[in-house]
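Examining the three-dimensional arrangement
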2 protein chains.
Amino acid sequence: MDIILCGTKSDWFCDNLSKSLNIKSLKVFHKVFPDGETYIRVPEEVSGKKVILAHSLSPPQNDSIWELILILEALRELDIKEINGYIPYVAYSRQDKIFLNGEPISIKALLQILSQMGMSSIYTIDIHKPNTLSYFNGTSYNIIPFKSMANMIRNMAKHPFVISPDIGALERARRLANELSTDFDYMEKKRDVYTGKIEISFHEVNLKDRDVVIVDDIISTGGTVAEAAKKIYSLGAKKVFVAVSHALLAGDAINKLKEANVYSVLSANTLPPKSGVIYYDVIPELAEILKQ
Amino acid sequence: MDIILCGTKSDWFCDNLSKSLNIKSLKVFHKVFPDGETYIRVPEEVSGKKVILAHSLSPPQNDSIWELILILEALRELDIKEINGYIPYVAYSRQDKIFLNGEPISIKALLQILSQMGMSSIYTIDIHKPNTLSYFNGTSYNIIPFKSMANMIRNMAKHPFVISPDIGALERARRLANELSTDFDYMEKKRDVYTGKIEISFHEVNLKDRDVVIVDDIISTGGTVAEAAKKIYSLGAKKVFVAVSHALLAGDAINKLKEANVYSVLSANTLPPKSGVIYYDVIPELAEILKQ
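Reading the values: the criteria
- Residues numbered from 1 in each chain as written.
- Chains lettered and ligands numbered in written order.
- Predicted model: local features only at pLDDT ≥ 70, side-chain atom pairs only at ≥ 80, totals over all residues.
- Heavy atoms only, no water.
- UniProt positions renumbered as here; feature names shortened; annotations may be inferred.
- Disulfide = S-S within 2.5 Å.
- Buried < 20%, exposed > 50% of the residue type's maximum accessible area, 1.4 Å probe, protein only.
- Helix = DSSP H or I, 4+ residues; strand = E, 2+ residues; numbered from the N terminus.
- Arc of directions from axis to C-beta.
- Contact = heavy atoms within 4.5 Å.
- Axes fitted to C-alpha atoms, helices over the stretch in contact; angles between N-to-C directions.
- Parallel < 35°, antiparallel > 145°, perpendicular 65-115°, else oblique.
- Left-handed = near helix turned anticlockwise from the far one by under 90°.
- Nonpolar A, V, L, I, M, F, W, Y, C, P; charged D, E, K, R; others polar.
- Buried area = accessible area lost by both parts, 1.4 Å probe.
- Salt bridge = Lys/Arg side-chain N within 4 Å of Asp/Glu carboxyl O.
- Least-squares fit on C-alpha atoms with pLDDT ≥ 70 in both.
- Pairing = 2+ DSSP bridges.
- pLDDT = per-residue confidence, 0-100.

Per an unreviewed UniProt entry, chain A is named Ribose-phosphate pyrophosphokinase, and its organism is Fervidicoccus fontis. According to the UniProt record, the Pathway (unreviewed entry) comment for chain A is "Metabolic intermediate biosynthesis; 5-phospho-alpha-D-ribose 1-diphosphate biosynthesis; 5-phospho-alpha-D-ribose 1-diphosphate from D-ribose 5-phosphate (route I): step 1/1." Per UniProt, chain A has the following entry under Function (unreviewed entry): "Involved in the biosynthesis of the central metabolite phospho-alpha-D-ribosyl-1-pyrophosphate (PRPP) via the transfer of pyrophosphoryl group from ATP to 1-hydroxyl of ribose-5-phosphate (Rib-5-P)."

Now the structure itself:
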């Protein structure tokens, strides 16, 4: 790779990425016209280069997506050797199947557009369903930052117990527990079909005086996790941690977690930093793969 | 055509379109998740049909574009015979060439994506540069609503004089003047390279006691038009009208026009209605072409 092109949504990790990879970075110029249209311009210097295009699809997601499309369009007009996307957070990754006829597979539209527009490889952090990367017509790398996550937990929690919010994410709990050489389980979640309220229960596990880590890929509204934390404390746990790859924390999520006495929210640095979250850095794990 | 599918940005003209064409319309269901992602669903009933997909790319443009992409993705999953887009306002149509290296031709990216995603024809109202429609890989129709515009002006202005804000738009003034059987000209616009201020001047025309119509395709911030209106009044004009196809009216544009004593702002109904604008209906001109 010759150069890093930092997209409009990369401010919080661009310099760090440049230093870790020891590759020069340039920034995309960006402004918004009075009528709301986005204007972007990429530095000419990227011509003829193998580019790492770094840009997260953070909220507001639709703006981030369109800005990425405009950057790819601008690069098409220059003579670029290779465009390798580092897209730490891929929006719409949870819209990955049709539940009701007439719905789009939004992640499919997104990934197909990116490859059609000249992105030849994509590096991402912990995409919701790794098999959706097959919609991307090129090479894809999905980095699940268990190592960085475990390193941080080791510094903060004592003999932690790892728990996933549902059976679907059990493998995640197993792998993190493995890194931490500890035990793990999942919660049972039942949604009341009438009230929509979520009922959480646990298997026969002894959480008394344990530090408990709830692990998931994304935390959005924080509703389920807050309920789970309360329940875990009621079973005698000492501290409840939340460890995720992507801290979306929509609306008043962070307050919900505080009210539930969540001790710390740990997240990878894939989205713009929010107060109340402790971030662990995934760039070293990306750098390792990029250097291969 | 069998059915009209009204996109998320068509509320203000959907019923009218359905009545004028005498074709049933269905609406796309739309909501926004707490984290900011858009969810859309198209009614299954469109399966197997020749569809008119009606959706304007109104501000916030990036949301409107992404919603259209999701609708096209949803339609791909159903068995649609034909997708004909009625996109009255095409955002990014003014980003149609590269002024500085590293810029995108944004309108190219947009139109290519729409055709790649299965839109086979596009009907639009007065796109900024008609030749950009060649980026759309399908049939395209650009409807310039001189007739509807002229009808409305005829009801409001007496023996109007038509003027375009620059020589580039002179043909537009000529054609509207032709519909109105009256005279026309263009203004000279000079931008001070240091202050950015626009200096407007007129040729040897007698505007004394005339109703003057400033005609353009888009009115955005209204700055130039407000300056022009003041100048036109200073030359003795009776009333100044502004007639456009697309009334974007960003920020405090409408106040600027009021302060300049603009008598009326007339616009086609291509964008969501704003107070202070009188709208003329372009659906009859669309219907005429669709029925051919």
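Residues and elements named next belong to chain A. Enumeration over the complete set of coordinates arrives at two disulfides over all chains. The disulfide partner of Cys6 is Cys14, and the S-S distance across this bridge is 2.0 Å. Since a negative S-S torsion denotes a left-handed disulfide, the Cys6-Cys14 link at about 90° is right-handed. Both residues of the pair, Cys6 and Cys14, count as buried.

All names here are of chain B. Turning to helix H5 (residues 170-179), its buried residues number three or more, namely Arg172, Ala173, Leu176 and Ala177. Buried residues of H5, seen end-on, are gathered within an arc of 130° and therefore sit on one face of the element. Those residues of H5 hidden inside the fold are in contact with helix H4 (146-156), strand E9 (161-164), strand E10 (184-186), strand E13 (211-219) and strand E14 (239-247). Within two residues after H5, Ser181 carries a phi angle of roughly 50°, on the positive side.

Moving on, we come to the packing of helix H2 (residues 61-77) of chain A against helix H3 (residues 106-116) of chain A. All names here are of chain A. Direction vectors running N to C along H2 and H3 enclose 15°, while the axes themselves pass 10 Å from each other. Overall, the two elements H2 and H3 adopt an arrangement that is roughly parallel. Note that H2 runs across H3; the crossing there is left-handed. Residue-level contacts link Ile65, Leu68, Ile69, Leu72 and Arg76 of H2 to Leu110, Ile113, Leu114 and Gln116 of H3. Classifying every residue of the contact of H2 with H3 by side-chain character gives seven nonpolar, one polar and one charged.

Glancing now at the interface of chain A and chain B. For interface size, the figure often reported is the accessible area lost on association. Listed as interface residues are 49 residues of chain A and, on the opposing side, 49 residues of chain B. Roughly 4,000 Å² of surface becomes buried between chain A and chain B when both sides are summed, with 54% attributable to carbon and sulfur atoms. Looking only at chain A, the three residues that lose the most surface to chain B are Asp35(A), Glu37(A) and Trp66(A), adding up to 17% of its buried area. One can count eight salt bridges joining chain A with chain B. Between Glu77(A) and Lys108(B) there is a salt bridge; the shortest N-O distance is 2.5 Å.

Let's shift gears to the relation of the copies chain A and chain B. When chain A is fitted to chain B, the best match, at an RMSD of 0.0 Å, comes from turning it 180° and sliding it 0.0 Å along the axis. These values place the two chain copies in the arrangement generated by a two-fold rotation axis. Within chain A, Asn62(A) has its C-alpha nearest the rotation axis, a separation of 3.0 Å. Both copies present the same face, since 100% of the interface residues in chain A are matched by interface residues at the equivalent positions in chain B.

Now for the sheet that holds E14(B). Residue and element names in this part refer to chain B. Strand order in this open sheet of six strands is E10-E9-E13-E14-E15-E16, and the pairing throughout is parallel. The outermost strands of the open sheet, each flanked by one partner alone, are E10 and strand E16 (278-280). Put simply, the sheet's adjacent strands are angled 25° from each other on average, direction ignored. Bridging between E9 and E13 involves three bridges; their strand directions are parallel. By the bridge assignment for E13, Val162 is matched with Val213. H4 contacts E13, E14, strand E15 (264-268) and E16 of the sheet and is inclined by roughly 135° relative to E16. Contacts from H5 reach E9, E10, E13 and E14 within the one sheet, and its direction differs from that of E10 by about 165°.

Attention now moves to the UniProt feature "active site" (unreviewed entry) in chain A. Residues and elements named next belong to chain A. According to UniProt, the "active site" (unreviewed entry) feature falls on Lys189. With respect to the helices and strands, Lys189 occurs in strand E11 (residues 188-191). By relative accessible area, which is 34% here, Lys189 ends up partly exposed. With residues near it in sequence (within four places) discarded, Lys189 still touches Pro165, Asp166, Ile198, Glu199, Ile200 and Thr224.

Scored by pLDDT, chain A comes out at a mean of 96, with 100% of its residues at no less than 70. At the level of chain-chain contacts, confidence expressed as ipTM amounts to 0.95, with global pTM at 0.96.

It is worth spelling out unusual backbone geometry at this point. All names here are of chain A. Going from Pro59 to Pro60, the amide bond is cis rather than trans, its omega being -5°. Summarising the element assignment, Pro60 is placed in the loop between strand E5 (50-54) and H2. At Leu249, a residue that is not glycine, the phi angle is positive and equals roughly 45°.

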